[in-house]
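# Chains, contacts and geometry: an overview
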Amino acid sequence: GVLVNYYKTNVEDDTALRKELTQAGVTYKVVKHTQLKFVFENLGYTDLNSHLEGMTAIAYSETDPVAPAKILKQYADKIESFTLLAGYCDGEVIDAAAVERLATIPSKETLIAQLLACIQSPLTKFVYVLDQVAKKDEQPAEAAEAPAEA
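Keep in mind that this is a model prediction, so the values were computed, not measured.

### Things to note about the nonpolar core
- Among the nonpolar cores identified, the biggest contains 24 residues, and V2, V4, L17, L21, Y28, L72 and F82 are the most heavily contacted of them.
- The biggest single contributor to this core is helix α3 (residues 67-78), with 5 residues.
- The contact partners of F82, leaving out residues within four places of it in the chain, are V4, N5, Y6, Y7, T9, L17, Y28, L72, Y75 and A76.

Have a look at this one:
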């Protein structure tokens, strides 16, 4: 999840942000600080309480921990007053710099595709080498048979 300060974000930008987050399966809520403190204390994220200043919203996803960071970083880059405050990932509280680094991680689908490509490439080369060895072994046998037929 990611905490942001959305101070001075206009309605048009906020609507576009919410739409993009919803399409990515991310929940985005503006919640009172007292309620967030209660939740953070119960979940063991009390370090996030120090980031609750100004107009704070939280975004989180149950399926893709990178999606909120990616989308919110794009908006933080476009809108000067929209800032990343902190976040949490894998049970750890992370600062704004870590949220930005998290945003640079490719999506799960991209990582799986990259992994499969890494696995497939050596196998393809190995099969090619085996094929060349088999063709090389066949060529002398064919050459030896050809004069015998003539």
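### Some points on the environment of K125
- Here K125 lies in helix α5 (residues 108-149).
- What makes K125 exposed here is its relative accessible area of 56%.
- A C-alpha to C-alpha distance of 22 Å links K125 and L111, two positions 14 residues apart in sequence.

### Observations regarding the pattern of salt bridges
- Under the definition given, this model contains 3 salt bridges.
- In this structure, the salt-bridge partner of R18 is D14, at a minimum N-O distance of 2.8 Å. You can see R18 and its partner D14 sitting in helix α1 (residues 11-23), 4 residues apart, about one turn around the helix.
- Judged by relative accessible area, R18 falls into the partly exposed class, the value being 31%.
- Note on D14: relative accessible area 17%, which makes it buried.
- Among the salt bridges present, the one from D131 reaches K135, with a minimum N-O distance of 3.3 Å. Residue D131 and its partner K135 are located together in helix α5, separated by 4 residues, close to a single helical turn.
- Of the residues examined, D131 reaches a relative accessible area of 33% and is grouped as partly exposed.
- A relative accessible area of 40% places K135 in the partly exposed class.

How each quantity is defined
Numbering of residues begins from 1 in every chain and follows the order in which that chain's sequence is written. Per-residue local features of the predicted model are confined to residues with pLDDT of at least 70, and side-chain atom pairs are confined, for both listing and counting, to 80 or more; whole-chain, interface and lining totals are unaffected and use all residues. The basis for every side-chain value is the complete set of heavy atoms in the structure, and neither hydrogens nor water enter the calculation. Residue types Ala, Val, Leu, Ile, Met, Phe, Trp, Tyr and Cys, when buried and joined through side-chain atoms within 4.5 Å, form a set referred to as a nonpolar core. When accessible area is computed with a 1.4 Å probe and restricted to protein chains, residues below 20% of their type maximum are described as buried, those above 50% as exposed, and intermediate ones as partly exposed. Every helix listed is a DSSP run of H or I at least four residues long, and every strand listed is a run of E at least two residues long, numbered separately from the N terminus. Note on contacts: a residue pair is in contact if any heavy atoms of the two residues lie within 4.5 Å. When a carboxyl oxygen of Asp or Glu lies within 4 Å of a side-chain nitrogen of Lys or Arg, that pair is called a salt bridge.

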